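# Observations on the model geometry
In case you want the letters, here they are:
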Amino acid sequence: MLTTRGGDDLPVLVMSHQSPLHAGHYERVLPLLGAFCRPIAFDTPGYGLSDPVPDGWEITDYADLLWEIADHAGGDRAIVFGRATGSIIALEAAHRRPDRTLGLILHGLPVYSATERRERLASDFAEPIPPRSDGSHLIALWERVLGQYPYLTPDEVQWHVDAYLLCGPDYATAYRAMWRYDPEPAMRSLAVPVHLLGGDRDRVGHWFEPARARIPAATSHFFEAATDFIAHDDPERFAGEIHRFVRSVTQH
């Protein structure tokens with residue numbers, strides 16, 4: 001778990017990352033966020049340096065954990081942020097505890113249909129990649145990362161491969177929980193301020209408009225020339241947009 005200590009009078013911001021990465025993705029932006037909130041980026045269980053999840057963990061369990069982290073930070077109410085898989089966790093957290101949610105920021109909310117979720121669960125999209133004596137599993141991970149993000153530098157690909165290795169062979173526990181979860185009830189009944197973020201080079205950017213259609217009361221911002229990793233690549237621009245939303249939900 002990474003945090004930058006802001007003033008005790010500042011709102012808590014709990015940040016849930018995309019899978020199979022970890023909280024380190026937000027290391028560069030946390031000091032900027034700390035100027036106007038108390039940001040906490042945590043490793044989703046099963047990723048980064050966290051413990052593996054128990055058998056049968058669902059999105060509701062991840063969401064409950066998010067509020068335990070907010071409790072640890074002393075935040076009775078908090079702004080909840082999620083990216084990709086993490087945005088599903090954040091969505092359910094806000095849905096379960098609207099009384100504690102100052103605002104909800106969803107960066108790349110996956111909007112799968114029920115059929116797509118069933119197909120993903122039945123597919124080999126995220127099959128485990130166990131260690132092999134000849135090291136070929138490292139090539140498989142490298143090719144997987146570079147196939148998804150061909151613009152990454154070798155150093156950046158290495159960082160992603162390291163993130164996979166921290167998970168162990170099965171890096172898809174949160175994916176499977178996401179695919180078992182139906183987000184439609186939560187999206188229809190959200191009773192908190194919502195801000196949707198997307199980017200035109202984002203792998204899940206195609207879900208930006210479907211998300212806006214499902215949460216019509218949400219405000220939104222689409223980052224031009226932004227990939228999945230804008231929080232790391234352009235932390236000033238990312239933090240500026242977060243600041244605008246935080247200010248909007250805390251200045252009453």
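Structure: see above.
A few points on the structure. (Residues numbered from 1 in each chain as written. Predicted model: local features only at pLDDT ≥ 70, side-chain atom pairs only at ≥ 80, totals over all residues. Heavy atoms only, no water.)

### Overview of the overall build of the protein
A count of helices and strands for the protein gives eleven helices and seven strands. Seen through its principal axes, the protein has C-alpha atoms that stretch 60 × 35 × 35 Å. For the protein, buried positions account for 53% of its 252 residues. Put simply, 74% of the contacts in the protein that link residues at least 6 apart link residues at least 24 apart. (Helix = DSSP H or I, 4+ residues; strand = E, 2+ residues; numbered from the N terminus. Buried < 20%, exposed > 50% of the residue type's maximum accessible area, 1.4 Å probe, protein only. Contact = heavy atoms within 4.5 Å.)

### Let's talk about the pairing of strand E6 (residues 194-199)
On any regular strand, side chains alternate: one points to one face of the sheet, the next to the other face. For E6, the tally of buried residues reaches six of six residues, placing the bulk of the element in the interior. Bridge count between strand E5 (residues 101-107) and E6: four bridges; the pairing is parallel. Looking at E6, one finds that leucine 106 is bridged to leucine 196. As paired elements, E6 and strand E7 (residues 219-223) share five bridges and run parallel to each other. What sits directly across from leucine 196, in E7, is serine 220. The handedness of the E6 to E7 crossover, carried by helix H9 (residues 208-214), is right-handed. (Pairing = 2+ DSSP bridges. Right-handed = clockwise from strand over helix to strand, strands pointing away.)

### With respect to the layout of surface pockets
Considered as a void within the structure, the largest pocket measures approximately 330 Å³ in volume. Along its surface, the largest pocket is lined by 25 residues, and Phe125, Tyr149, Tyr175, Arg203 and Val204 are the ones closest to its centre. Listed by contribution, the elements that provide at least two residues to the lining of the largest pocket are helix H5 (136-148), helix H6 (154-167) and helix H7 (173-180). The residue makeup of the lining of the largest pocket, split by class, is 14 nonpolar, six polar and five charged. In this structure, the second largest pocket encloses a volume near 180 Å³. Residue lining of the second largest pocket: Gly24, His25, Glu27, Arg28, Leu152, Glu156, Trp159, His160, Phe229, His232 and Asp233, and that is the complete set. Residue assignment for the lining of the second largest pocket shows that the elements contributing at least two residues are H6 and helix H10 (230-233). The biggest single contributor to the lining of the second largest pocket is H6, with three residues. (1 Å grid on protein atoms, 1.4 Å probe; cavity = no way out; pocket = protein on both sides within 12 Å on 5 of 7 lines; lining within 4 Å. Points joined across faces, edges and corners; volume = space filled by probe spheres on them. Nonpolar A, V, L, I, M, F, W, Y, C, P; charged D, E, K, R; others polar.)

### Digging into the packing of aromatic side chains
Inspection of the entire model under this criterion finds twelve aromatic pairs. Measuring from ring centre to ring centre gives 5.7 Å for tyrosine 175 and tryptophan 179, while their planes differ by 10°; the resulting arrangement is stacked. Pair noted here: tyrosine 175 and tryptophan 179 are both in helix H7, with a separation of four residues, about one helical turn. Assessed through its relative accessible area of 9%, tyrosine 175 is described here as buried. Through successive ring pairs, a cluster of aromatic residues spans Tyr26, Phe81, Phe223 and Phe238. Over the ring of tyrosine 151 we find arginine 201; its NZ or CZ atom is 4.8 Å from the centre of that ring. Between the NZ or CZ atom of arginine 203 and the centre of the ring of tyrosine 149, over which it lies, the distance is 5.5 Å. (Phe/Tyr/Trp six-rings, centres within 6.5 Å; stacked < 30°, edge-to-face > 60°. Lys NZ or Arg CZ within 6 Å of the ring centre and 35° of its normal.)

### So, the packing of helix H2 (residues 59-72) against helix H3 (residues 85-96)
Closest axis-to-axis distance for the H2/H3 pair is 8 Å, and the angle between their directions is 70°. As summarised for this structure, H2 and H3 are arranged roughly perpendicular, according to the angle between their axes. Contacts from Ile59, Thr60, Tyr62, Ala63, Asp64, Leu66 and Trp67 of H2 reach H3 at Ile88, Ile89, Ala90, Glu92, Ala93 and Arg96. Its residues assigned to classes, the contact of H2 with H3 shows nine nonpolar, one polar and three charged. (Axes fitted to C-alpha atoms, helices over the stretch in contact; angles between N-to-C directions. Parallel < 35°, antiparallel > 145°, perpendicular 65-115°, else oblique.)

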